[in-house]
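Commentary on secondary and tertiary structure
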Amino acid sequence: MKKVFDVVIVGGGIVGCAVAWYFSHFDLEILLLEKESDVCCGVSKANTGIIHSRSYWTPSTLKGELHLRSLVLFPQAEKELNLHSPQTGALTVALIREEMTFLKVLKERGNISGAEIIGPKESIEIEPSLNPRIFACYYDPETRIISPFALNLALAEFAALNGVHFILDEEVTGFESMGNRIRILGRNDWYLGKRVINCAGLYATKLARLSNDAVSAHRFFRGQYFVLDRECAPLIRHVLYPVPTEESKGILVSPTPEGNILVGPNFEPVDEEDTATTFWGLKEVEEGARKLIPFLPLEQTITTFSGLRPTLPERDFRIFFSSSLPGLLHLCGIESPGLTASLGIAEYVGEKLKDSGITLREKRISPRTAFPVFRNCGFEERERLIAENPDWGKIICRCEEVTLAEVKHALSSPIPASTLDGLKRRVRVMAGRCQGGFCGMYLPTIMMQELDCDVKEVFKSTRGSFYLLGKIEDVVKENAPTC
Ligand SMILES: Cc1cc2nc3c(=O)[nH]c(=O)nc-3n(C[C@H](O)[C@H](O)[C@H](O)COP(=O)(O)OP(=O)(O)OC[C@H]3O[C@@H](n4cnc5c(N)ncnc54)[C@H](O)[C@@H]3O)c2cc1C
């Protein structure tokens, strides 16, 4: 007989995994279904990774409320998750006198100790590459940055360690009522849940509308980025925001925890799920960013990417119970600051489910231990690791100094990588300057050995995205002319 789960979560992005993390603290049977071969494959994999400070909350909105609540929850969560978000601080740049009004609003809204409005001279003292022709800056010491992959994976791993079941490669196609249970229909199987939480990101409104719930369809707005090589790390110390536009926070220049610099995103409507980068989109990003840093070394770009914002007309989060299927909760319009607000969203979902009659009984939890990162280890630590296991002495990715021990661990961790992109998100192979030119030769063999799979089962991202076609002699034979 099929098991009935107390809570079924649809979607393994930052929000779905934050919800799994939250509920894994309680004595509940929980299942998470994800349509891709890995978690962090949707909006959560392509964003700026900023934990926006209190200055950037939006008053009188649900997203503002959950943003503020999340900032309170982050420090304790980071301890449990063994995760660190560097506090870089931020400068919001007014290029002209008229933009001063907004800097004052930010200062008032945040009411952050140490935050201040400073002139061009002081701004350049703390951020020397900044455009000298700016009018003023709002300095906010509380802004932090985080790797969205690291956050998404840490939440998922914590949940898995504490009993949440994950089923990947399972696309949910609809819901049906079965008495006081909900039947969740997947491409491969069906599942029963007492409560179901639709955290499907871009597709959340599609799923909600499939269950006849009244919500506008998401409109997608694409944001494109340049990623600069780690050699550029000394260029900036703070997150640099322009004064925002009506639609978004504008085109930023931001450091990442790994030492790269992100430049972007712009804001452009796209009809469908189109994550291409384009000449004109990147040109717009370049023009915007050069207003903040005129001598931006874009020749140091190692890759470009884009992400899609799932937006509702009201430009707010909408979290509501289905009117047709009691127990089905939809999370729609989770655009920026969805990463920042993720923990607040999870707690809010918890409260909603509690109000609907679910009992939340706390249980003993196991904190997550982080695996060492060779690149960040000192000389003595490296010696010790290599003495313990020679795999630590074998560098697979030269650019990011990733060892065989780290790759093997990523292939066998609580939420193991099963694709090359999965490895990239976990240990940064293929994420450095050569973008896989070197390690791309070794990784397929390691995957075949560790996952006991065939050369044609080594995928780049999703199932079917072949990286290799087979052994040369077999491919030549298969493609030989028949006449
Ligand atoms: C350009 C850009 C920049 C941003 N910058 C920031 C920032 O700096 N700070 C910040 O706080 N926020 C930022 N955000 C917002 C933030 O990234 C998102 O709000 C957040 O990642 C949304 O997470 P999610 O889990 O809701 O969605 P997703 O990450 O998309 O997760 C949804 C998951 O559901 C899965 N799924 C979909 N349909 C189904 C189905 N039918 N069955 C099973 N699984 C399904 C998908 O594969 C996906 O994995 C940014 C967003 C964008 C686009």
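How each quantity is defined
- Residues numbered from 1 in each chain as written.
- Predicted model: local features only at pLDDT ≥ 70, side-chain atom pairs only at ≥ 80, totals over all residues.
- Heavy atoms only, no water.
- Helix = DSSP H or I, 4+ residues; strand = E, 2+ residues; numbered from the N terminus.
- Rg over C-alpha atoms; globule rule 2.2 N^0.38 Å.
- Contact = heavy atoms within 4.5 Å.
- Areas by Shrake-Rupley, 256 points an atom, 1.4 Å probe, with all protein chains shown as cover.
- Lys, Arg positive; Asp, Glu negative; His and termini not counted.
- Charge placed at Lys NZ, Arg CZ, Asp CG, Glu CD.
- Salt bridge = Lys/Arg side-chain N within 4 Å of Asp/Glu carboxyl O.
- Buried < 20%, exposed > 50% of the residue type's maximum accessible area, 1.4 Å probe, protein only.
- Pairing = 2+ DSSP bridges.
- Right-handed = clockwise from strand over helix to strand, strands pointing away.
- Core = buried A, V, L, I, M, F, W, Y, C linked by side-chain atoms within 4.5 Å.
- Near = heavy atom within 4 Å.
- Polar contact = N/O pair within 3.5 Å; in protein donor to acceptor, adjacent residues only side chain to side chain.
- Disulfide = S-S within 2.5 Å.
- Domains from an automatic or database assignment.
- Buried area = accessible area lost by both parts, 1.4 Å probe.
- Nonpolar A, V, L, I, M, F, W, Y, C, P; charged D, E, K, R; others polar.

Some remarks on the overall build of the protein chain
- For the protein chain, the helix and strand inventory stands at 13 helices and 21 strands.
- Relative to the 2.2 N^0.38 estimate, which gives 23 Å for 483 residues, the radius of gyration of the protein chain is 23 Å and therefore close to what a compact globule would have.
- Taking the principal axes of the C-alpha coordinates as reference, the protein chain spans close to 70 × 60 × 55 Å.
- A separation threshold of at least 6 residues defines the contact pool for the protein chain, and within that pool the share at least 24 residues apart is 71%.
- Element-wise, carbon and sulfur atoms account for 52% of the exposed surface of the protein chain, whose accessible area totals about 21,900 Å².
- Between the mean site of the 55 positive side-chain charges and the mean site of the 62 negative ones, the protein chain shows a separation of 2 Å.

Quick look at the pattern of salt bridges
- Following the criterion strictly, the structure yields 28 salt bridges and no others.
- Linking E176 and R183 is a salt bridge whose minimum nitrogen-to-oxygen distance equals 3.2 Å.
- Residue R222 pairs with D274 through a salt bridge whose shortest N-O separation is 3.2 Å. With R222 in strand 12 (residues 219-228) and D274 in the loop between strand 16 (268-270) and helix 7 (279-290), this residue pair connects regions lying 52 residues apart in the sequence.

Regarding the pairing of strand 10 (residues 181-186)
- Taking every second residue as pointing to the same face, the buried face of strand 10 carries I182, I184 and G186, while none of R181, R183 and L185 on the other face is buried.
- The sheet contact formed by strand 9 (residues 172-178) and strand 10 spans 6 bridges and is antiparallel. The residue of strand 10 that forms the bridge with G174 is L185.
- Where strand 9 folds back on strand 10, the antiparallel hairpin that results is connected by 2 residues, among which G179 adopts a positive phi of roughly 65°.
- As judged from the 4 bridges shared by strand 10 and strand 11 (residues 190-198), these two strands associate in the antiparallel manner. Note that in strand 11 the partner of L185 across the bridge is W190.

Looking at the pairing of strand 1 (residues 4-10)
- Counting buried positions over the 7 residues of strand 1 gives 6, a clear majority of the element.
- Looking at chain direction, strand 1 and strand 2 (residues 30-33) are connected through 4 bridges and run parallel. For V7, the partnering residue across the bridge sits in strand 2 and is I30.
- After leaving strand 1, the chain enters helix 1 (residues 14-23) and then returns to the sheet as strand 2, a path that is right-handed.

Topic: the environment of L235
- Of note, L235 is situated in the loop between strand 12 and strand 13 (239-242).
- The class of L235 is buried, set by a relative accessible area of 17%.
- In sequence terms L235 and F221 are 14 residues apart; their C-alpha atoms lie 29 Å from each other.
- Residue contacts for L235: discarding those within four places in its chain leaves E127, S129, I261, I293, L296 and P297.

Some points on the nonpolar core
- In this structure, F23, I197, L331 and I345 are the most contacted members of the largest nonpolar core, which totals 52 residues.
- A per-element tally of this core places helix 1 first, with 9 residues.
- Apart from residues lying up to four places away in sequence, L331 is in contact with V15, I197, N198, C199, A204, R318, I319, I345 and V349.
- Counting residues in each nonpolar core, the second largest holds 23 residues, with C137, L240, L282 and I293 among its members.

Examining the site of the ligand
- Contacts to the ligand come from 40 residues, most closely from E34, V43, S44, I334 and T340.
- In the model, an oxygen atom of the ligand is placed 3.3 Å from a nitrogen or oxygen of the I14 main chain.
- Within the backbone of V15, a nitrogen or oxygen atom sits 3.0 Å from an oxygen atom of the ligand.
- With the chains in place, 97% of the 1,000 Å² that the ligand exposes on its own is no longer accessible.
- Where the shell around the ligand is concerned, the elements lending two or more residues are helix 1, strand 17 (301-311) and helix 8 (338-355).

Regarding the state of the cysteines
- Taken as a whole, this structure holds 0 disulfides when the rule is applied.
- No disulfide involves C377; its nearest neighbouring cysteine sulfur is the one of C397, lying 15 Å away.
- The exposure class assigned to C377 is buried, which follows from its relative accessible area of 14%.
- No disulfide involves C397; its nearest neighbouring cysteine sulfur is the one of C439, lying 4.4 Å away.
- Relative accessible area serves as the criterion here: at 2%, C397 is assigned to the buried category.

Considerations on unusual backbone geometry
- Going from G264 to P265, the amide bond is cis rather than trans, its omega being 0°.
- Here the bond from S336 into P337 is cis, since omega is 10°, no more than 30 degrees from zero.
- Along the chain, P337 turns up in the loop between strand 19 (328-332) and helix 8.
- Although it is not a glycine, S60 adopts a positive phi angle of roughly 60°.
- Turning to its location among the elements, S60 is positioned in the loop between strand 3 (50-51) and helix 2 (62-81).
- The backbone of N111 sits at a positive phi, close to 45°, despite the residue not being glycine.
- Here N111 shows up in the loop between helix 3 (100-110) and strand 5 (116-118).
- Residue N111 is classed as exposed on the basis of its relative accessible area, which comes to 61%.

Notes on the domain arrangement of the protein chain
- Per the domain assignment, the segments making up the protein chain are domain 1 (4-48 + 148-218 + 314-355), domain 2 (90-141 + 219-309) and domain 3 (374-475).
- Distance from the C-alpha centre of domain 1 to the C-alpha centre of domain 2: 31 Å.
- On the domain 2 side, the residues contacting the 11 residues of domain 1 number 16 residues.
- Here domain 1 and domain 2 share an interface that buries about 1,100 Å² over both sides, 56% of which is from carbon and sulfur atoms.
- For the pair domain 1 and domain 2, the interface holds 0 salt bridges.
- Where domain 1 meets domain 2, there are 5 residue pairs in polar contact (both at pLDDT 80 or more).
- In terms of residue class, the side of domain 1 that touches domain 2 is made up of 5 nonpolar, 4 polar and 2 charged.

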